[in-house]
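Read off the chains here:
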Amino acid sequence: MFYLIGLGLGDAADITVKGLRAVKSCSRVYLEAYTSVLTGGKEALEEFYGRELIVADRDLVEQQADQILKDAHVTDVAFLVVGDPFGATTHSDLVLRAVNAGIPYKVIHNASIMNAVGCCGLQLYRFGETVSLVFWTDTWRPESFYDRICKNREAGQHTLCLLDIKVKEQSEENMMRGKKIYEPPRFMTVAQAADQLVQIVQRRRAEGETLGLTEDTLCVGLARLGADDQVVRVATLQQLVSCDLGGPLHSLVITGQLHPLEVDMLQLSAEADVMKNLHVLDGSTYWS
């Protein structure tokens, strides 16, 4: 059997009982290590599970998937994913490869940012398309995520923004020279994400474009959801540019139309006086 097992969001203990039983039954256990991370790292997981883990980086998962699935038709192999196994499309590819190879598979689900984001007080069914924000470089500054956020807001929907993670990445220079030298891990913060969005807003305003969000748009910064020291901060986009929510992982939510119950919940984590710009129109709450 090939198992895809979700680990949850907090630490080693967040694995389900079903998932832990499967891990202990497997001859090989891989830990996916590039779409997300758990606090404590590989060593803490190994100690809790009582098993040695094989770190699966992007190259192994995307270029050498057959190595992961090797012999899975005659022995149990586990592939561990922080959050839920289907939080990244790469893992769907593994399922398809297993099916094509005649290998039975089983998925053991767990909590992910896609549902845990509800802890901030926004209702999950009121979210639109999830978007990813990537680190800008000197030569690459994509803005497509801004347009998708605006589209959600036009429909009154909230937007969950997943922030970039750089693990085992090479610089352009080392890639060109063929050197297997990797950059230190980087995790985008809420402040960095907010700053990139503010720069887009300012540029498009200068070009006379009608804006779908502004520096005063109500947002939610999230850090380390599921951990004991998780942080939820409700503030304007501009306020979040200067916020410090601590260590990774961070996520950002751009609000749309608000239900009165959502307003009450957001006030629990709001910056002082940040909710003063709310007003009610036709029974629905808006931010101005």
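These notes cover the structure that comes with them.

Analysis parameters
- Residues numbered from 1 in each chain as written.
- Predicted model: local features only at pLDDT ≥ 70, side-chain atom pairs only at ≥ 80, totals over all residues.
- Heavy atoms only, no water.
- Helix = DSSP H or I, 4+ residues; strand = E, 2+ residues; numbered from the N terminus.
- Buried < 20%, exposed > 50% of the residue type's maximum accessible area, 1.4 Å probe, protein only.
- Patch = residues over 30% accessible without salt bridge, like charges linked within 9 Å, V, L, I, M, F, W, Y side chains within 5 Å.
- Areas by Shrake-Rupley, 256 points an atom, 1.4 Å probe, with all protein chains shown as cover.
- Salt bridge = Lys/Arg side-chain N within 4 Å of Asp/Glu carboxyl O.
- 1 Å grid on protein atoms, 1.4 Å probe; cavity = no way out; pocket = protein on both sides within 12 Å on 5 of 7 lines; lining within 4 Å.
- Points joined across faces, edges and corners; volume = space filled by probe spheres on them.
- Nonpolar A, V, L, I, M, F, W, Y, C, P; charged D, E, K, R; others polar.
- Domains from an automatic or database assignment.
- Expected span 1.5 Å × (residues − 1).
- Contact = heavy atoms within 4.5 Å.
- Pairing = 2+ DSSP bridges.
- Axes fitted to C-alpha atoms, helices over the stretch in contact; angles between N-to-C directions.
- Phe/Tyr/Trp six-rings, centres within 6.5 Å; stacked < 30°, edge-to-face > 60°.
- Lys NZ or Arg CZ within 6 Å of the ring centre and 35° of its normal.
- Polar contact = N/O pair within 3.5 Å; in protein donor to acceptor, adjacent residues only side chain to side chain.

1. Notes on the side chain of Ser 251
Step number 1: Here Ser 251 is to be found in strand S12 (residues 250-254).
Step number 2: Classification of Ser 251 by relative accessible area gives buried; the value is 9%.

2. Digging into a nonpolar patch on the surface
Step number 1: A contiguous nonpolar surface patch, about 310 Å² in accessible area, is contributed by Leu 261, Met 265 and Leu 268.
Step number 2: Relative to the elements of secondary structure, Met 265 occurs in helix H11 (residues 260-266).
Step number 3: The class for Met 265 is partly exposed, based on a relative accessible area of 35%.

3. A few points about the layout of surface pockets
One water molecule sets the probe size; rolling that probe over the atoms shows where empty space is left.
Step number 1: When its volume is computed, the largest pocket comes out at roughly 1000 Å³.
Step number 2: Every residue lining the largest pocket is counted, 42 residues in all, and those nearest its centre are Thr 35, Ser 36, Leu 162, Leu 163 and Ile 165.
Step number 3: At the level of secondary structure, the elements contributing two or more residues to the lining of the largest pocket comprise helix H3 (58-63), helix H5 (89-100), helix H6 (113-116), strand S6 (131-133), strand S7 (159-163), strand S8 (165-166), strand S10 (218-223) and S12.
Step number 4: Residue classes in the lining of the largest pocket are distributed as 21 nonpolar, 14 polar and seven charged.
Step number 5: Residue assignment places the lining of the largest pocket across two domains, with domain 1 (2-111) and domain 2 (114-287) each supplying three or more.

4. Topic: helix H9 (residues 190-206)
Step number 1: Here H9 contains 17 residues, and its C-alpha end-to-end distance of 24 Å stays within 8% of the 24 Å for a straight helix at 1.5 Å per residue.
Step number 2: Looking only at H9, the buried set comprises Val 190, Ala 191, Ala 193, Ala 194, Gln 196, Leu 197, Val 198, Ile 200, Val 201 and Arg 204.
Step number 3: Elements that come into contact with the buried residues of H9 comprise S6, helix H7 (144-154), S7, S10, helix H10 (237-241) and S12.
Step number 4: Directly after H9, the chain includes Gly 208, whose backbone phi takes a positive value near 80°.

5. Overview of the sheet that holds strand S11 (residues 231-236)
Step number 1: Strand order across the open sheet formed by five strands is S6-S7-S12-S10-S11, with mixed pairing between neighbours. Each edge of the sheet is formed by a strand with only one pairing partner; in this case those strands are S6 and S11. Across the sheet, the mean angle separating the axes of adjacent strands is 25° when strand polarity is ignored.
Step number 2: Bridge count for S6 against S7 is three bridges, and the pairing is parallel. Within S7, the position partnered with Leu 133 by the bridge is Leu 163.
Step number 3: Contacts from H7 reach S6, S7 and S12 within the one sheet, and its direction differs from that of S6 by about 145°.
Step number 4: The strands touched by H9 are S6, S7, S10 and S12; relative to S12, the strand with the most contacts, the crossing angle is about 40°.

6. Considering the sheet that holds strand S1 (residues 2-6)
Step number 1: As summarised here, the arrangement of the five strands in space is S3-S2-S4-S1-S5, forming an open sheet in which the pairing is parallel. Edge positions in the sheet fall to strand S3 (54-56) and strand S5 (105-108), since each has one partner strand and no second. With strand direction ignored, the average angle separating the axes of adjacent strands in the sheet is 25°.
Step number 2: In the sheet, strand S2 (residues 28-32) pairs with S3 via three bridges, with the strands oriented parallel.

7. Some words on the packing of aromatic side chains
Step number 1: One pass over the structure, following the stated rule, counts one aromatic pair.
Step number 2: With centroids separated by 6.0 Å and ring planes inclined at 75°, the aromatic side chains of Phe 48 and Tyr 49 adopt a geometry described as edge-to-face.
Step number 3: A cation sits over an aromatic face here: Arg 186 above Phe 135, 4.2 Å from the ring centre.

8. Description of the environment of Arg 141
Step number 1: Here Arg 141 is to be found in the loop between S6 and H7.
Step number 2: Measuring from C-alpha to C-alpha, the distance between Arg 141 and Gln 196 comes to 9.1 Å, with 55 residues separating the pair along the chain.
Step number 3: Among all residues touching Arg 141, those that are not within four sequence positions of it are Trp 136 and Gln 199.
Step number 4: Of the polar contacts made by the side chain of Arg 141, one reaches the side chain of Gln 199; its length is 2.8 Å.

9. Side note on the pattern of salt bridges
For side chains bearing opposite charge, pairing can occur when the charged atoms are close.
Step number 1: One pass over the full model with this rule turns up 13 salt bridges.
Step number 2: Ionic pairing is found between Asp 66 and Arg 97, a salt bridge with its closest N-O pair at 3.7 Å. With Asp 66 in helix H4 (residues 65-69) and Arg 97 in helix H5, this pair connects stretches of sequence that are 31 residues apart.
Step number 3: Taking the relative accessible area as the measure of exposure, Arg 97 reaches 31% and is therefore partly exposed.
Step number 4: Across the pair Arg 205 and Glu 215 runs a salt bridge whose closest N-O atoms are separated by 2.7 Å. In this pair, Arg 205 is assigned in helix H9 and Glu 215 in the loop between H9 and S10, connecting sequence segments 10 residues apart.
Step number 5: Arg 205 sits in the partly exposed class, given a relative accessible area of 39%.
Step number 6: One network of salt bridges, in which partners are shared, links Glu 143, Asp 147, Arg 203, Arg 204, Glu 207 and Glu 209.

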